[in-house]
Every structure is written in C-alpha cells, then in structure tokens.
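Examination of the molecular architecture
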Amino acid sequence: MKVYIASDHAGFELKKAIKEHFTNQFEWTDFGTDSSESVDYPDYAHPLAEAVAADNDSRAILICGTGNGVAITANKHADVRAALCWNKEIAALARQHNNANVVVLPARFISQEDAFAVVETFFSTDFEGGRHARRVEKINLH
Ligand code: RB5
C-alpha cells in the first residue's frame, strides 16, 4: 500500500521510526522534513494534503509536536479528513465514523509504542458507511 507521510522537525524522529517499523507493509512517499532542524509545519502539511485531495483512495500520516498544526493545515483542503489520534480507539473511530484519510500524531505527547498501535489500527480499520456516510458527505463546503 502506498502511503504519504510528512512531519515538521518535532515529528521527524517519530516519522523515521514509523517508516522503519512499517517498512514491509507500506510504500512511502515522504514529503519531509528531513532533519530535526526547525521548519514551518504548513510547508510540509500542504503538499501532502494536495496529494491526498488529488487521489480519493490515498492514505497519509502527518506528525508535528501537538498534531494540531498539521491537522488544521491539512483540513483546509477539500476531501482531506485529517484526524488527530493519540490512542488506537480514537484511530479506529476516525476510520469507522469519519472515514479519515489522514492520521495525525502528536509526537511530543505520544509514546512510540502507542504511535505504532495508532498507525496499525488506522490502516486496518474500514469506514462503516451508513449514517456516517451521510454525515461525512456534509463536511465539504463546496
Ligand atoms: C513546533 O515547535 C510546534 O509548534 C509544532 O510541531 C506543532 O506542535 C504545532 O502545532
């Protein structure tokens, strides 16, 4: 499965760990950043969100210190549903109820073990559809 991934400096180490841990499951397209040197998170979240918006079936991972900066940025793009997830229960619900296509991790507030569990759950859980499909249909403003 092809997966887009990006982080700012605060998420760089977790991004690296996730790429290594899931190396056999996913084919990565990495939008950066490439070090722990300070950068501006929208410069990485916007290009990833553009790629997700252009491909209905795509999935992605975004990481910054709190997760909020990249989530707020990505959700400016129509058809991008970026969900901040800090445990696997929330990750499952983000897929089941919100059909989230981007999982967002708060690198400074989640253990590596929990982050791996969130990613595992996010990518193995299906959207439930039904009443949730009606609600998701109402998200976009256009
Ligand atoms: C960077 O220091 C930090 O502000 C950023 O990673 C993120 O948490 C912003 O929302």
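Described below are features of the structure shown in this document. (Residues numbered from 1 in each chain as written. Predicted model: local features only at pLDDT ≥ 70, side-chain atom pairs only at ≥ 80, totals over all residues. Heavy atoms only, no water.)

Digging into unusual backbone geometry
- A cis amide bond links Gly32 with the next residue in sequence, Thr33, at an omega value of 0 degrees.
- Positioned with a positive phi, Asp79 is a non-glycine residue whose angle comes to about 75 degrees.
- The topology assignment puts Asp79 in the loop between helix 3 (68-74) and strand 4 (82-84).
- Not every positive phi belongs to a glycine, and Asn99 is a case in point at roughly 50 degrees.
- Secondary-structure assignment places Asn99 in the loop between helix 4 (88-96) and strand 5 (102-106). (Helix = DSSP H or I, 4+ residues; strand = E, 2+ residues; numbered from the N terminus.)

Description of a positive patch on the surface
- A contiguous patch of positive charge, built from Arg131, Arg134, Arg135 and Lys138, is present on the exposed surface.
- On the secondary structure map, Lys138 appears in the segment after helix 6 (131-137). (Patch = residues over 30% accessible without salt bridge, like charges linked within 9 Å, V, L, I, M, F, W, Y side chains within 5 Å. Areas by Shrake-Rupley, 256 points an atom, 1.4 Å probe, with all protein chains shown as cover. Salt bridge = Lys/Arg side-chain N within 4 Å of Asp/Glu carboxyl O. Lys, Arg positive; Asp, Glu negative; His and termini not counted. Charge placed at Lys NZ, Arg CZ, Asp CG, Glu CD.)

What to know about the nonpolar core
- Counting 25 residues, the largest nonpolar core has Leu14, Ile18, Trp28, Ile61, Leu105, Val119 and Phe123 as its most contacted members.
- Of all the elements in the fold, those that place two or more residues in this core are strand 1 (2-7), helix 1 (12-21), strand 3 (59-64), helix 4, strand 5 and helix 5 (112-124).
- Per-element accounting of this core gives the leading share, six residues, to helix 5.
- Setting aside chain neighbours within four positions, we find Ile61 in contact with Val3, Tyr4, Ile5, Ala6, Ile18, Trp28, Leu48, Val103, Leu105, Val119 and Phe123.
- Leu48, Ala49, Val102 and Val104 belong to the second largest nonpolar core, which has 19 residues in total. (Core = buried A, V, L, I, M, F, W, Y, C linked by side-chain atoms within 4.5 Å. Buried < 20%, exposed > 50% of the residue type's maximum accessible area, 1.4 Å probe, protein only. Contact = heavy atoms within 4.5 Å.)

Looking at the sheet that holds strand 2 (residues 27-30)
- Across the sheet, five strands lie side by side as 2-1-3-5-4; this open sheet has parallel pairing. Strands at the two margins of the open sheet, each flanked by one partner only, are strand 2 and strand 4. In this sheet, neighbouring strand axes are inclined to one another by 25 degrees on average, regardless of whether the strands run parallel or antiparallel.
- Note that strand 4 and strand 5 share three bridges and pair parallel. (Pairing = 2+ DSSP bridges. Axes fitted to C-alpha atoms, helices over the stretch in contact; angles between N-to-C directions.)

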